[in-house]
Each structure stands twice: as C-alpha cells, then as structure tokens.
Amino acid sequence: MRHIILLDNKISENEYKKWVVEDTEFWKKHLDITTIYEVIRTDYSDYPTYIDADKDIRPTHAYLQELNDMVVKKYGEFGFDFVMVMVHEDNWMSDTDFTKGIWGTNYS
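Conventions adopted
Residues numbered from 1 in each chain as written. Predicted model: local features only at pLDDT ≥ 70, side-chain atom pairs only at ≥ 80, totals over all residues. Heavy atoms only, no water. Helix = DSSP H or I, 4+ residues; strand = E, 2+ residues; numbered from the N terminus. Buried < 20%, exposed > 50% of the residue type's maximum accessible area, 1.4 Å probe, protein only. Pairing = 2+ DSSP bridges. Axes fitted to C-alpha atoms, helices over the stretch in contact; angles between N-to-C directions. Contact = heavy atoms within 4.5 Å. Expected span 1.5 Å × (residues − 1). Arc of directions from axis to C-beta. Salt bridge = Lys/Arg side-chain N within 4 Å of Asp/Glu carboxyl O.

Regarding unusual backbone geometry
- Phi is positive for Asp 32, which is not a glycine, with a value near 55°.
- Within the element layout of this structure, Asp 32 appears in the loop between helix 1 (13–31) and strand 2 (36–42).
- When its relative accessible area of 55% is taken as the criterion, Asp 32 is described as exposed.

So, in structure tokens, the structure goes:
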C-alpha cells in the first residue's frame, strides 16, 4: 500500500520516523499489508480556511483539491492508495487551543 504523506516542514524527521514505525506495524498487524511511504515536505504555516455550518474552521475544499492535484501530477491518478496531510499542531488552524473544534478532516 502506497501512502503519500504531505508532511509539514515543522514536523521533525524523528517525529515522522516514529510515526512511520507505528503506522507500519498497524497495517501489518491488522491487514498483513506492507506499506510504502512517499514524503512531500509542505509549508502549512498559512493556508486558506472557511467556517462550516458547525462553526468549525476547516481548510477550504479548493485548497485540499490543489494538494491532491499536486500528488496526482507527481505520481499519476493510480500511483497511490491515499494522501495524508500531516500538519504540525503549531500550524493547525482548526482548533487553536485544542479544547474545541476539530482535530482532523477526512475528505475521502
């Protein structure tokens, strides 16, 4: 299974490698799948947002589509199984104090 990781520049290599070990073990244990990771470093210090019907701050659909289009251009339409955007907590705009709002977004 090929994972494309759009990794925030603010996430250290050590933090990322620790996550890869945990994620690899998860896929192997639960589905007996071997994972491949491709990383594209990305700056998430500022990105466009909107406020949804629940008053949550979210990245815009157009912005997420741009990220996906970038991956498709680089790897092809069927060159990956999924794209994961990993934003450092300092850059996450959807819950600035981590007490309300959203922790992540699934645009599958």
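Still to come is the rest of the account.
Observations regarding the sheet that holds strand 5 (residues 82–86)
- Reading across the sheet, the three strands line up as 2-1-5 and stay open at both edges, with parallel pairing between neighbours. The open sheet has two edge strands with one neighbour each: strand 2 and strand 5. Ignoring strand direction, the axes of neighbouring strands in this sheet form an average angle of 20°.
- Relative to strand 5, strand 1 (residues 2–8) is paired through five bridges, and the arrangement is parallel. Paired with Leu 7 across the strands is Met 86, a residue of strand 5.
- Contacts between helix 2 (residues 61–75) and the sheet are confined to strand 1, strand 2 and strand 5, with strand 1 contributing the most and set at about 130° to the helix.

Here's the deal with helix 2
- For helix 2, built from 15 residues, the straight-helix expectation of 21 Å at 1.5 Å per residue is met to within 8% by its first-to-last C-alpha distance of 21 Å.
- Every buried residue of helix 2 is accounted for by Tyr 63, Leu 64, Leu 67, Val 71 and Tyr 75. Along the axis of helix 2, the buried positions cluster into a sector of 105°, meaning they face one direction only. In helix 2, the exposed positions angled more than 90 degrees off the buried face are occupied by Glu 66 and Lys 73.
- Lining the buried residues of helix 2 we find strand 1, strand 2, strand 4 (57–59) and strand 5.
- One or two steps after helix 2, the chain reaches Gly 76, where phi turns positive at roughly 90°.

Considerations on the pattern of salt bridges
- Under the defined criterion, the tally for this structure stands at five salt bridges.
- Where Arg 41 meets Glu 13, a salt bridge forms, and the shortest distance between an N and an O atom there is 2.9 Å. Of this pair, Arg 41 sits in strand 2 while Glu 13 sits in helix 1, placing them 28 residues apart in sequence.
- The exposure class of Glu 13 is partly exposed, given its relative accessible area of 41%.

Details of helix 1
- Its 19 residues give helix 1 an end-to-end C-alpha distance of 26 Å, which sits within 8% of 27 Å, the value for a rise of 1.5 Å per residue.
- Along helix 1, the positions that sit buried rather than exposed are Tyr 16, Trp 19, Val 20, Asp 23 and Trp 27. All buried residues of helix 1 lie within an arc of 110° about the axis, which places them on one face of the element. Exposed and oriented more than 90 degrees from the buried face of helix 1 are Asn 14, Lys 18, Glu 25 and Lys 29.
- Downstream of helix 1 by one or two residues, Asp 32 has phi in the positive range, about 55°.

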